[in-house]
Amino acid sequence: MENTGRLYGVGLGPGDPELITVKAARLIGEADVIAYHAARHGRSIARSIARPYLREGQVEELLLYPLTTETTDHPGGYQGALDDFYVECAARLSAHLDAGRTVVVLSEGDPLFYGSYMHMHKRLAHRYPTEVVPGVTSISGASAVLGRPLVERDETLTVLPGTLPGEVLAERLRATDSAAVLKLGRTFEKVRDALAEAGRLDDAWYVERATMDAQRVAPLKDVDPEGVPYFSLALLPSPAEHTFVPERAEGQGPEHTFVPERAEGQGPGEVVVVGLGPAGRPWLTPEAQEALAAATDLVGYGPYVDRVQPNPRQRRHRTDNRVEAERARHALEMAREGARVAVVSSGDPGVFAMASAVLEAAADFPDVPVRVVPGLTAAQAVAGRVGAPLGHDYCVLSLSDLLKPWEVVAERLRAAARADLVLALYNPASRSRTWQVGAARDLLLEHRAPGTPVVIGRDVGGPRESVTVTTLAELDPADVDMRCLLIIGSSTTRVSESGAVYTPRRYPA
């Protein structure tokens, strides 16, 4: 029906209003009608959790249970009385939905995990547009406040209602790794006895009103059965937690954060040479992000290390740009002692960057694993900004003569020019090297037409990005600095009417 409203079953999480999802909070604030269940006293835990997100003018539907654990003279017994109640509630919500109103039914924890909402869902979801918004379960909340994992690796977690017969509870508790027993209240003593029979009582924890102001956590065997509320559960955490919880050093509180030392007999750590791409996080690959996140130490040229989001768990080793060999050895020495070291480079670490230096030094550290994680190169970034100048064969050269003679640079420029390759020129200039760009331009003009397209990309991806398209004859060395990369076109490189620069993939016969 076009004019009907929409039904939402909204999970509120275990009790803390800040554990409500962003979507749940939005839907609660936007709803025409807010519905929630309560016992006959009329106090609704669900409404108290959602209260910060309610607004003036909303219609509230209190769905008051006719009974909880009492006896009844209903001809259908306890279940018959509840079924009639759910039919009545569904009819009340249908009236709103038929009138085109949006109805949110609040549910503690997750709506479809032992939640009251599911009884509305079964009666209404096939008649009206419906969406279920999941919530944090009481089990997750209890595990979090307890500070112990539920399961790991191939362990199994069994969720049980405390209303099961005692012998069934004991049998299932014996057969599982971890367990959560819900609906305690009046079933508490039976659950405690079942845990004892299964030999699991010493490992069991009691969590009451997890994440709420009145939460309580205690070893289950020490809990007085009197006054145990319905909103409590028994938890058997992962048995593996006993194998990895370290003893704290004297005076070290639970909030202390530290980088673990290598255990005796454990192998060395690892060096990962990571390409950061040409600029910020959008240029960083997921593989590089994973390597950075796993590192205990970051090593690199200061400005590159600064591009990595700070993490107080990690040690940062900033160095000058002219000490590549020392930087590489330092990284390998730390890894030999068990550290997980990320050596960071701008662009791709294998293109005029740190990968070669680390691998060269690694010959003296045969026991240290070294990996290289590629990154987006400056040439690719600049090319992408103007189109596809690297669309055909191209050559990558560094104009720096710090590590090789200028005669070698010049000869390679001539060879690339004679071969009619597009050139991507790295390190074209610096504060102390100002003449190489002019020398390279003059040399290339011996083999290239004056109108050959030239792209000057500066700080691409960074805050001072600029990209200029000019020609070889008009290339002014004063426009080029250490933050630039040059792309010199081939004889087939073109500039379109729109300003795009491209080199066709087909070479003329």
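Quick caveat, the model's predicted, so the values are computed rather than measured.

## Examining the overall build of the protein chain
Scanning the protein chain from terminus to terminus reveals 15 helices and 23 strands. For the protein chain, whose C-alpha radius of gyration is 34 Å, the value lies well above the compact-globule estimate of 23 Å for 509 residues. Counting only C-alpha atoms, the protein chain reaches 105 × 65 × 40 Å along its principal axes. Split into buried and exposed, the 509 residues of the protein chain put 45% on the buried side. Of the contacts formed within the protein chain by residues at least 6 apart in sequence, a portion of 69% connects residues at least 24 apart. For the protein chain, the accessible area works out to roughly 26,400 Å², and carbon and sulfur atoms hold 50% of it. Averaging the coordinates of the 54 positive side-chain charges in the protein chain and doing the same for the 67 negative ones gives two points 4 Å apart.

## Here we look at the packing of helix α11 (residues 324-336) against helix α12 (residues 354-361)
Following both chains from N to C, one finds α11 and α12 inclined at 60°, their axes separated by 9 Å at the closest point. In terms of orientation, α11 lies oblique with respect to α12. α12 is crossed by α11, and the crossing has right-handed handedness. When α11 is examined against α12, the residues Glu324, Arg327, Ala328, Arg329 and Leu332 are found in contact with a partner set consisting of Met354, Ala357, Val358 and Ala361.

## Quick notes on the environment of Tyr507
In this fold, Tyr507 is placed in the segment after β23 (501-502). When the C-alpha atoms of Tyr507 and Ser491 are compared, they prove to be 9.7 Å apart, with 16 residues separating the residues in sequence. Not counting chain neighbours up to four residues away, the residues in contact with Tyr507 comprise His392, Asp420, Ser491 and Thr492. At 2.3 Å, the side chain of Tyr507 forms a polar contact with the side chain of Asp420.

Parameters at a glance
Residues numbered from 1 in each chain as written. Predicted model: local features only at pLDDT ≥ 70, side-chain atom pairs only at ≥ 80, totals over all residues. Heavy atoms only, no water. Helix = DSSP H or I, 4+ residues; strand = E, 2+ residues; numbered from the N terminus. Rg over C-alpha atoms; globule rule 2.2 N^0.38 Å. Buried < 20%, exposed > 50% of the residue type's maximum accessible area, 1.4 Å probe, protein only. Contact = heavy atoms within 4.5 Å. Areas by Shrake-Rupley, 256 points an atom, 1.4 Å probe, with all protein chains shown as cover. Lys, Arg positive; Asp, Glu negative; His and termini not counted. Charge placed at Lys NZ, Arg CZ, Asp CG, Glu CD. Axes fitted to C-alpha atoms, helices over the stretch in contact; angles between N-to-C directions. Parallel < 35°, antiparallel > 145°, perpendicular 65-115°, else oblique. Left-handed = near helix turned anticlockwise from the far one by under 90°. Polar contact = N/O pair within 3.5 Å; in protein donor to acceptor, adjacent residues only side chain to side chain.

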